[in-house]
Amino acid sequence: MSLLVKKGLHQVEEDLDDPERSLKRELGAMDIAVMGVAVAVGAGIFSVGAQAAADYAGPSVIISFILAALVCGLAVMNYAEFASSVPVSGSAYTFSYLSLGELLAWVIGWDLILEMLMAASVISKYWGIYLQNVFEFLHIDIATEFHIAGVAVSWPPAVIVAFFTILLVLGTKLTSRVNGVLTAIKITVTLFIIVAGAFYVKASNFTPFFPPSEPVPSGSATGVMGQSLFSFLSGADPTRYGMYGLLGAAALVFFAFVGFDIVATTAEEAKDPQKTLPRGIFGGLALVSILYVAVTIVVTGMVSYKEMAKQEDVSLATAFKLVGANWVGTLITIGILIGLTTVVMVLLLGLTRVVFSMSRDGLLPRQVSQTSKRGTPARLQIICGIIVAIVAALADVDQLSEMINIGTLSAFVLVSFSIPVQRKRYPDLKRGFTVPFSPVLPIISGILCLWLMSNLAIETWLRFVVWLLVGFVIYFGYSYIHSRVRIEGHELAVADNFGDGSSDAAPASGAGTAVAVETREEISAEAAPLRHHWLAIVLTILAGIVVLTEVVLALTGVMSVKSMSTGLVWLVMLVPVPGIAVSHIALARADSLEQSWDAVPRTKLPVWARFGAAIRMPLGLLSVGYGMTAIAVVVAIVHMVEVL
């Protein structure tokens with residue numbers, strides 16, 4: 001089987017019929033729409049727009065929001081078609097598995113884990129910060145941090161994560177009701193802020209609407225490493241405002257629309273998904289887009305973007321402070337706190353549903369995908385909650401917020417390109433919603449998402465590469481050999497030839513007859529499992545020596561990372577590539593060999609000739625090779641930060 005082996009619809013139906021690993025359908029269109037609004041209307045509506053106006057685009061950030069909304073709308077149409085036609089948990093991961101194949105599905109599932117894990121951790125951390133602000137406003141003297149062995153631990157993120165983890169374990173419907181109440185409150189607060197801010201809007205603050213491009217100030221956080229990949233590859237100096245600024249702002253404010261892909265993870269829990277999912281997704285997106293554009297018009301009209309650019313930690317509250325309406329700051333802080341509360345809930349839900357689907361498919365340990373009597377993956381929900389709480393309580397996650405964007409956009413890209421493939425593979429599949437003008441619109445959607453990705457910072461791309469490499473380590477080290485699709489494909493091939501696969505009878509198909517009569521000695525002579533792996537082993541060992549030497553020299557201080565030449569850094573990153581390439585060739589040959597064993601009676605095979613025996617060595621080499629590359633890239637990132 002190739003790396004792009006696909007999951008079949010019959011396997012999806014088996015998942016839905018598995019009483020131990022199925023979710024309870026209890027969400028309506030309103031529940032889904034509220035969930036989308038809940039995850040999107042959070043800190044982003046109060047901070048991202050102001051930051052983008054001050055540091056990137058000025059008043060033209062309004063156009064940036066509209067561009068981001070249009071791109072999100074195109075992508076969401078693809079999600080709506082997939083979710084209404086294949087209403088199972090997993091969102092983009094499951095959709096990609098059906099149309100693009102296992103390796104790409106793993107990549108997108110791994111990206112979704114990145115998106116939701118980082119988002120849940122970042123938002124939980126921010127929730128703790130704003131809770132501290134509320135304590136200060138109310139003159140409550142409660143410390144939100146304590147120290148253990150010199151490590152600062154923030155307890156509010158752990159509390160909010162624990163609260164929603166318990167709710168989600170008790171049932172998705174109960175959590176949805178709590179979510180609805182909190183979402184109604186924060187929308188009311190948002191509308192009040194829009195109305196209050198409108199009284200301070202001045203037409204002069206919208207001029208110039210498209211500020212001219214200017215160099216990034218020395219030492220700015222948006223310097224070379226913070227420069228967009230697009231402007232870096234084009235050879236342009238780091239700038240803000242102008243066209244690059246508008247595009248960079250569009251990529252930044254896309255963070256505000258993160259969440260609608262998460263809504264699609266609830267497809268398996270939606271009642272009448274062919275109707276409720278499209279209605280809920282599009283209804284939520286429309287409301288959020290209107291709120292965002294309204295808030296952006298107010299914040300850019302209240303204060304000149306130049307004044308906001310001089311401030312630290314720019315937010316919507318900054319604009320009210322500059323016009324003397326400090327009282328609104330308290331209301332905004334409370335609104336943010338409530339807004340972040342529901343975001344944490346939906347992100348925890350989405351993270352668990354993606355991991356649940358990957359676990360059910362065997363790409364992650366299958367034991368954690370069992371559901372409770374309440375129809376929720378309780379064990380997995382608790383595990384995810386603990387991980388998010390630990391990361392949020394201990395880590396400084398501020399610098400990782402853009403990782404949420406690149407994870408989301410990469411998912412949008414693959415889902416967009418999957419639509420034409422799925423239409424061709426399953427032309428008769430019942431669809432509750434269809435993307436118009438396919439394949440043109442899905443392809444345009446994918447290209448626009450790639451364009452937004454190119455406007456993310458260089459450092460974000462480098463971190464993303466490391467995350468992908470770590471994902472490949474896990475995939476080739478565990479997921480490949482435990483994949484249910486592969487195991488069932490192997491068992492099916494054996495059953496087709498020999499029934500239960502245990503007899504010495506000739507295979508049913510004529511193609512396997514010649515192989516079936518081979519002797520144990522002939523098979524052993526022709527198919528020794530390690531014969532064609534030696535070159536891959538040698539290349540991997542040599543690469544390991546080079547990477548290990550670099551790391552040891554850096555850690556012992558013999559050679560600082562900064563003093564390393566750029567050529568050396570690039571060389572060490574590329575050293576594992578030959579070993580990886582040869583290991584892939586060895587894996588392909590070993591995989592073909594194992595497929596030939598499916599046509600041989602079990603008693604005719606050597607002891608080692610079982611499913612997984614021949615492929616374990618190249619899989620191990622690939623896992624090691626990608627791991628070494630990840631380490632080399634981390635060293636390169638440190639080198640670039642030190643030098644630039």
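Everything that follows concerns the structure shown earlier in this document.
The model shown is predicted, which means the values in this text are computed figures rather than measured ones. (Residues numbered from 1 in each chain as written. Predicted model: local features only at pLDDT ≥ 70, side-chain atom pairs only at ≥ 80, totals over all residues. Heavy atoms only, no water.)

Comments concerning the overall build of the chain
Next up, step 1: The helix and strand inventory of the chain stands at 26 helices and 4 strands.
Next up, step 2: Evaluated residue by residue, the chain yields a buried proportion of 57% over its 644 residues.
Next up, step 3: Expressed as a percentage of contacts within the chain between residues at least 6 apart in sequence, the contacts between residues at least 24 apart total 84%.
Next up, step 4: Surface exposure of the chain reaches about 25,600 Å², of which carbon and sulfur atoms provide 68%. (Helix = DSSP H or I, 4+ residues; strand = E, 2+ residues; numbered from the N terminus. Buried < 20%, exposed > 50% of the residue type's maximum accessible area, 1.4 Å probe, protein only. Contact = heavy atoms within 4.5 Å. Areas by Shrake-Rupley, 256 points an atom, 1.4 Å probe, with all protein chains shown as cover.)

So, the pattern of salt bridges
If charged atoms from side chains of opposite charge come close, those side chains can pair.
Next up, step 1: By the definition in use, this model includes 4 salt bridges.
Next up, step 2: In this structure, the salt-bridge partner of R423 is E81, at a minimum N-O distance of 2.7 Å. Of this pair, R423 sits in helix 17 (residues 401-425) while E81 sits in helix 4 (residues 61-85); the two residues are 342 residues apart in sequence, bridging distant segments of the chain.
Next up, step 3: Classification of E81 as buried rests on a relative accessible area of 0%. (Salt bridge = Lys/Arg side-chain N within 4 Å of Asp/Glu carboxyl O.)

Re the environment of Y478
Next up, step 1: Secondary-structure assignment places Y478 in helix 19 (residues 458-482).
Next up, step 2: Once you skip the residues sitting within four places of it in the chain, Y478 turns out to touch G362, L363, L364, P365 and R366.

Structural notes on the packing of helix 6 (residues 102-137) against helix 19
Next up, step 1: Here helix 6 crosses helix 19 at 125°, and the two axes come no closer than 10 Å. The orientation of helix 6 relative to helix 19 falls into the category oblique. In the crossing of helix 6 with helix 19, the sense of the turn from one axis to the other is right-handed. Residues E102, L103, W106, V107, W110, D111, I113 and L114 of helix 6 lie in contact with helix 19, whose contacting residues are F464, W467, L468, V470, G471, F472, I474, Y475 and S479. (Axes fitted to C-alpha atoms, helices over the stretch in contact; angles between N-to-C directions. Parallel < 35°, antiparallel > 145°, perpendicular 65-115°, else oblique. Left-handed = near helix turned anticlockwise from the far one by under 90°.)

Focus: a nonpolar patch on the surface
Next up, step 1: Taken together, the side chains of V151, I382, I386, I390 and L394 make up a nonpolar region of the molecular surface, amounting to roughly 420 Å² of accessible area.
Next up, step 2: Top element by residues in the nonpolar patch is helix 16 (residues 378-394). It accounts for 4 residues.
Next up, step 3: In this fold, L394 is placed in helix 16. (Patch = residues over 30% accessible without salt bridge, like charges linked within 9 Å, V, L, I, M, F, W, Y side chains within 5 Å.)

A short note on the packing of aromatic side chains
Next up, step 1: If you walk through the whole model with that rule in mind, you get 15 aromatic pairs.
Next up, step 2: With a centroid separation of 4.4 Å and an interplanar angle of 15°, the aromatic rings of W110 and W467 are classed as stacked. Placement of the pair is W110 in helix 6 and W467 in helix 19, with a sequence separation of 357 residues.
Next up, step 3: When the centroid spacing of 5.6 Å and the interplanar angle of 10° are considered together, the rings of F476 and Y626 count as stacked. With F476 in helix 19 and Y626 in helix 26 (residues 616-643), this pair connects stretches of sequence that are 150 residues apart.
Next up, step 4: Within the aromatic cluster, the residues linked to one another by ring pairs are W106, W110, W467, F472, Y475, F476, Y480 and Y626.
Next up, step 5: Sitting over the face of the ring of Y480, R486 holds its NZ or CZ atom 3.8 Å from the ring centroid. (Phe/Tyr/Trp six-rings, centres within 6.5 Å; stacked < 30°, edge-to-face > 60°. Lys NZ or Arg CZ within 6 Å of the ring centre and 35° of its normal.)

Thoughts on helix 19
Next up, step 1: Between its first and last C-alpha atoms helix 19 spans 35 Å; for 25 residues at 1.5 Å apiece the expected length is 36 Å, and the two agree.
Next up, step 2: The axis of helix 19 is deflected most strongly, by about 45°, at Y475. (Expected span 1.5 Å × (residues − 1). Bend = angle between axes of the 7 residues up to and from the residue.)

Thoughts on the nonpolar core
Across soluble globular proteins, you tend to see nonpolar side chains buried next to one another.
Next up, step 1: Within the largest apolar cluster, 166 residues are counted, with the highest numbers of intra-cluster contacts made by I113, F257 and F320.
Next up, step 2: Not counting residues up to four positions away in its chain, the partners in contact with F257 are F65, A68, A69, C72, L285, V288, S289 and Y292.
Next up, step 3: Within the second largest apolar cluster, 6 residues are counted, among which are V12, V88, L98 and Y426. (Core = buried A, V, L, I, M, F, W, Y, C linked by side-chain atoms within 4.5 Å.)

Here's the deal with the side chain of S483
Next up, step 1: Positionally, S483 belongs in the loop between helix 19 and helix 20 (484-498).
Next up, step 2: A residue is classified by how much of its surface remains accessible, and S483, at 0% relative accessible area, is buried.
Next up, step 3: Among the polar contacts made by the side chain of S483, one reaches the side chain of E102 at a distance of 2.5 Å.
Next up, step 4: Ignoring sequence-local partners within four residues, the contact set of S483 consists of Y97, E102, D361, G362 and L363. (Polar contact = N/O pair within 3.5 Å; in protein donor to acceptor, adjacent residues only side chain to side chain.)

Notes on the environment of A636
Next up, step 1: Residue placement: A636 occurs in helix 26.
Next up, step 2: In this structure A636 comes out as buried when scored by relative accessible area, which is 6%.
Next up, step 3: For the pair formed by A636 and T566, sequence separation is 70 residues and the distance between their alpha carbons is 8.4 Å.
Next up, step 4: Not counting residues within four places of it along the chain, the set of residues in contact with A636 comprises V569 and M573.

Honestly, that's just the spatial picture; any functional story needs more than this.
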